[in-house]
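The lines below spell out each chain.
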Amino acid sequence: MSLINENFIKIPSSYLFSEIARRVNQLQQEQPDAAIIRMGIGDVSLPLPEASVEAMLRATEEQRHRETFRGYGPEQGYDFLRKAICENDYHTRGIQLEMDEVFVSDGSKSDTGNIGDIFSTANKVAITDPGYPVYVDTNAMAGRAGEPTETGTWSNLVYLKANESNGFVPALPTEKVDLIYLCYPNNPTGTTLTRDQLKKWVDYAREHKSILLFDAAYEAFITEPDVPHSIYEIEGAREVAIEFRSFSKTAGFTGTRCAYTIVPRNLMAYTKNGDAIALNRLWNRRHTTKFNGTSYIVQRAAEATYSPEGKAQVRAMINYYMENARIIREGLSKAGYTIYGGINAPYIWAKAPQGMSSWNYFDYLLKEKKLVTTPGAGFGASGEGFVRFSAFGQREDTLEAMKRME
Ligand code: MLT
């Protein structure tokens, strides 16, 4: 008799964005003519940067000829891309980084979900609440989260609450934790940590020998000067942090798939006996065993985002989405909503009318306004009473959505 991983029975039967898609599809079937505007999942709406498309066409042509054809590539990513990442995303900010600390992948969803493979299930895990659901779900699948409770939390997770009363800046845990998921700029609230605020987490991790799992998928959307783009801008972070970055939102790769994870060489975790082991070595082992590399064509497309034209095109896309974010902020404020985010991130966190739950308000907006948002409660208990608006839509849709919200 084959036995299942029973942790899968404990988690909600459907992933957050799958459930939203189900409800939207149902409405679309019931009302085929409904002009639904999608501001739910953070999926980009602009086409790829021209520089990336041209690079893909060139790479495809290479694949046509025996002399230039490439089969399996290095699982960790081609040197041309790892070098471009080091030089453009880190060295320009004065951060020391070597190519073998960069692991190219097919997405930060996979990387943040898979990173748990290299950590013991005995670790105590802390997760910002609200947070990207992958962090909780994958820890629950691995058996690290304990049991689901009646309030929708997990018995063994430590929740780092980010809410209006603490200005969305979670306090350091009062108990010792081993793994800490931080996402800044934050998904879903769109809020950020300053350098000083982030330094507290680095100091905590250094003191407690914890590891910070820092999801920086939205760093390209930062507009304010005191917001760190990389956790390695903070002194000592190389000893305690893994950083996740993605081309998905930055350069429109949600369908093309490319991301990378930084595991510094001097980052250590411990055996039960207290022996220090380099996480770079473990992640390399995991990556080379379970992943066969992002496609050559896609890596060329990602590399092209660092060319002068690519950079300009990416910047234009980000500006477009951030203008949407401004329109949403302004539209919702005018309509009387309490809102957060949207300044350093493409998400606006809006308070539902008093007494309405996130899911009820989500359903109301879907049925009455034909607007798809994301219910805050889907990101954790502290998200209850909020919905998230994504700024990744087309301009006309964003303007129309705000008209409907008036
Ligand atoms: C989101 O909407 O939170 C993200 O798009 C989901 C993802 O990146 O997987």
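Cut-offs used in this document
Residues numbered from 1 in each chain as written. Predicted model: local features only at pLDDT ≥ 70, side-chain atom pairs only at ≥ 80, totals over all residues. Heavy atoms only, no water. Helix = DSSP H or I, 4+ residues; strand = E, 2+ residues; numbered from the N terminus. Polar contact = N/O pair within 3.5 Å; in protein donor to acceptor, adjacent residues only side chain to side chain. Contact = heavy atoms within 4.5 Å. Pairing = 2+ DSSP bridges. Axes fitted to C-alpha atoms, helices over the stretch in contact; angles between N-to-C directions. Domains from an automatic or database assignment. Buried area = accessible area lost by both parts, 1.4 Å probe. Salt bridge = Lys/Arg side-chain N within 4 Å of Asp/Glu carboxyl O. Nonpolar A, V, L, I, M, F, W, Y, C, P; charged D, E, K, R; others polar. Near = heavy atom within 4 Å. Buried < 20%, exposed > 50% of the residue type's maximum accessible area, 1.4 Å probe, protein only.

1. Looking at the side chain of Asp129
As for its placement among the helices and strands, Asp129 is situated in strand β3 (residues 125-129). Among the polar contacts listed, one links the side chain of Asp129 to the backbone nitrogen of Ala381, at a separation of 3.3 Å. The contact partners of Asp129, leaving out residues within four places of it in the chain, are Tyr159, Leu160, Lys161, Ala162, Phe379, Gly380, Ala381, Ser382 and Gly383.

2. Description of the sheet that holds strand β5 (residues 179-183)
The seven strands lie next to each other as β2-β8-β7-β6-β5-β3-β4, forming an open sheet whose pairing is mixed. Of all strands in the sheet, those with a lone pairing partner are β2 (102-105) and β4 (157-161), marking the two edges. Between one strand axis and the next, the sheet turns through 20 degrees on average, direction left out of account. Where strand β6 (residues 211-215) meets strand β7 (residues 241-246), four bridges bridge the pair, whose relative direction is parallel. Within β7, the position partnered with Leu212 by the bridge is Ala241. Packed on one face of the sheet, helix α6 (residues 133-142) meets β3, β4, β5 and β6 and runs near 150 degrees to β3.

3. Here's the deal with the domain arrangement of the protein chain
Assigned domains within the protein chain: domain 1 (6-47 + 309-405) and domain 2 (79-304). The distance between the C-alpha centroids of domain 1 and domain 2 comes to 24 Å. Counting from both sides, the interface comprises 37 residues of domain 1 and, opposite them, 44 residues of domain 2. Taking both sides of the interface into account, the surface hidden between domain 1 and domain 2 amounts to around 3,200 Å²; carbon and sulfur atoms contribute 59%. Counting the contacts that link domain 1 with domain 2 gives two salt bridges. Measuring nitrogen to oxygen at the nearest pair gives 2.8 Å for the salt bridge that ties Lys351 to Glu164. The tally of links from domain 1 across to domain 2 stands at 15 residue pairs in polar contact (both at pLDDT 80 or more). Contributions of two or more residues to the side of domain 1 that touches domain 2 are made by α1 (7-10), α11 (308-334), β11 (339-341), β12 (347-351) and β15 (386-390). At eight residues, the largest contribution of residues to the side of domain 1 that touches domain 2 is made by α11. Residue composition of the side of domain 1 that touches domain 2, by class: 20 nonpolar, eleven polar and six charged.

4. Overview of the site of the ligand
In the vicinity of the ligand, the contacting residues are Phe17, Ile41, Gly42, Tyr132, Asn187, Tyr218, Lys249, Tyr347 and Arg388. Contact between the ligand and Lys249: an oxygen atom at 2.5 Å from a side-chain N or O atom of the residue. For the shell around the ligand, a count of residues per class yields five nonpolar, two polar and two charged. Domain assignment of the residues forming the shell around the ligand places at least three in each of domain 1 (6-47 + 309-405) and domain 2 (79-304).

5. Some thoughts on the sheet that holds β15
One open sheet accounts for four strands, arranged β11-β12-β15-β14; its pairing is antiparallel. Lying at the two open borders of the sheet, with one neighbouring strand each, are β11 and β14 (374-375). Pairing geometry for β12 and β15, over five bridges, is antiparallel. Residue pairing in the sheet places Ala350 in a bridge with Val387 of β15.

6. A look at the pattern of salt bridges
Side-chain pairing between opposite charges can occur once the charged atoms of the two side chains come close. Counted under the stated rule, the structure contains 24 salt bridges. The closest approach of N and O atoms between Glu147 and Lys10, which form a salt bridge, is 3.0 Å. Taken together, the residues Glu147 in the loop between α6 and β4 and Lys10 in helix α1 connect sequence positions 137 residues apart. Look at Lys10 and you get partly exposed, because its relative accessible area is 28%. The structure contains a network of salt bridges with shared partners spanning Glu19, Arg22, Arg23 and Asp363.

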